[in-house]
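# A look at the structure
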Amino acid sequence: MYPKRGTVALLLAIGLGYFLVEHAATSLAETMGPAHPGLFLEPMRTLTLGFLAWIGITAIFVELYRQYEANPRTFKSVHEIRNFHVAKRFDSEQYMTNSSIAILGAVMVLYGWPEFISIFEETVHQFILMYVVGGRGEIPPLHFFWQVIYLGGFAAFALSLDRVIVAFLRDLRIKLLQRQLIRKLRAQ
């Protein structure tokens, strides 16, 4: 198996999607609740989260298939496999860059989460007022800007963390292949 990028970022995106749907359903229930009591509260949340869980489980199975599908590359020896992995290996600069971006992104995500959720819920509320209820609602441009910045930071965090973890797994694979090569040489 040759670890491919994308799995960690996908899992983080599914987790973020879950929380956003949960908060959007809550905001929807609070906004629409007075006009339509009991219409959106639990059934809508359950259906929405069930659908999101189905998407998440499907995505995880697709990702598992992608990770474990047959490798089209063929190698004649363990030495060729090791050389292939070494050629694709991260250098220390790439490790530092991606680790730094992941740490900065994590700080931004953790620090900005309460404000982001507050703004997200307010945006959903205003959107419902404008387009569903037909009332007066307004989404301030600064709210939109803050959400884009936060989601950009989350994407940077998720992608950089994914790259660091995949590079670590590839390095681990190289070390295991080196041990296997050493055992073969000793056996000869």
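Summary of the structure given here. (Residues numbered from 1 in each chain as written. Predicted model: local features only at pLDDT ≥ 70, side-chain atom pairs only at ≥ 80, totals over all residues. Heavy atoms only, no water.)

Next up on the list: the overall build of the protein chain. The secondary structure content of the protein chain amounts to five helices and zero strands. In the protein chain, the succession of helices and strands from N to C terminus is α-α-α-α-α. Counting over 188 residues, the protein chain shows a buried share of 31%. Of the contacts formed within the protein chain by residues at least 6 apart in sequence, a portion of 83% connects residues at least 24 apart. When the accessible area of the protein chain is evaluated, it comes to approximately 12,400 Å², of which 68% is carbon and sulfur surface. (Helix = DSSP H or I, 4+ residues; strand = E, 2+ residues; numbered from the N terminus. Buried < 20%, exposed > 50% of the residue type's maximum accessible area, 1.4 Å probe, protein only. Contact = heavy atoms within 4.5 Å. Areas by Shrake-Rupley, 256 points an atom, 1.4 Å probe, with all protein chains shown as cover.)

Okay, a positive patch on the surface next. On the surface, Lys175, Arg179, Arg183 and Arg186 cluster together into a positively charged patch. Topologically, Arg186 is positioned in helix α5 (residues 141-187). (Patch = residues over 30% accessible without salt bridge, like charges linked within 9 Å, V, L, I, M, F, W, Y side chains within 5 Å. Salt bridge = Lys/Arg side-chain N within 4 Å of Asp/Glu carboxyl O. Lys, Arg positive; Asp, Glu negative; His and termini not counted. Charge placed at Lys NZ, Arg CZ, Asp CG, Glu CD.)

Moving on, we come to the nonpolar core. Generally speaking, soluble globular proteins have nonpolar side chains that are buried together. Grouped together as the largest cluster of nonpolar side chains are 15 residues, with contacts concentrated most on Leu20, Val109, Phe116 and Phe154. A total of seven residues in this core trace back to one element, the largest contributor, which is helix α4 (residues 92-132). Setting aside chain neighbours within four positions, we find Phe154 in contact with Leu12, Ala13, Leu16 and Val109. (Core = buried A, V, L, I, M, F, W, Y, C linked by side-chain atoms within 4.5 Å.)

Next up on the list: the environment of Phe127. Secondary-structure assignment places Phe127 in helix α4. Given a relative accessible area of 44%, Phe127 falls into the partly exposed group. Taking the C-alpha atoms as reference points, Phe127 and Ile139, 12 residues apart in sequence, are found 7.3 Å from one another.

Attention now moves to the packing of aromatic side chains. Scanning the model with the defined rule gives eight aromatic pairs in all. Look at Tyr18 and Phe19: their rings are 5.4 Å apart centre to centre, the planes differ by 75 degrees, and that puts the pair in the edge-to-face class. Through a chain of ring-to-ring contacts, the aromatic side chains of Tyr18, Phe19, Trp113, Phe116, Phe120 and Tyr150 assemble into a single cluster. (Phe/Tyr/Trp six-rings, centres within 6.5 Å; stacked < 30°, edge-to-face > 60°.)

It is worth spelling out a nonpolar patch on the surface at this point. Among the surface-exposed residues, Leu11, Ile57, Ile60, Phe61, Leu64 and Tyr68 lie close enough to one another that they form a single nonpolar patch of about 630 Å² accessible area. If one sorts the elements of the nonpolar patch by residue count, helix α2 (residues 42-68) sits on top with five residues. By relative accessible area, which is 41% here, Leu64 ends up partly exposed.

Our focus in this paragraph is the environment of Leu12. Along the chain, Leu12 turns up in helix α1 (residues 7-32). In the structure, Leu12 is positioned 145 residues away from Phe157 in sequence and 9.5 Å away in space, judged by C-alpha atoms. Contacts of Leu12, omitting those with residues within four sequence positions, involve Phe154, Phe157, Ala158 and Leu161.

Just distances and angles here, no functional claims.
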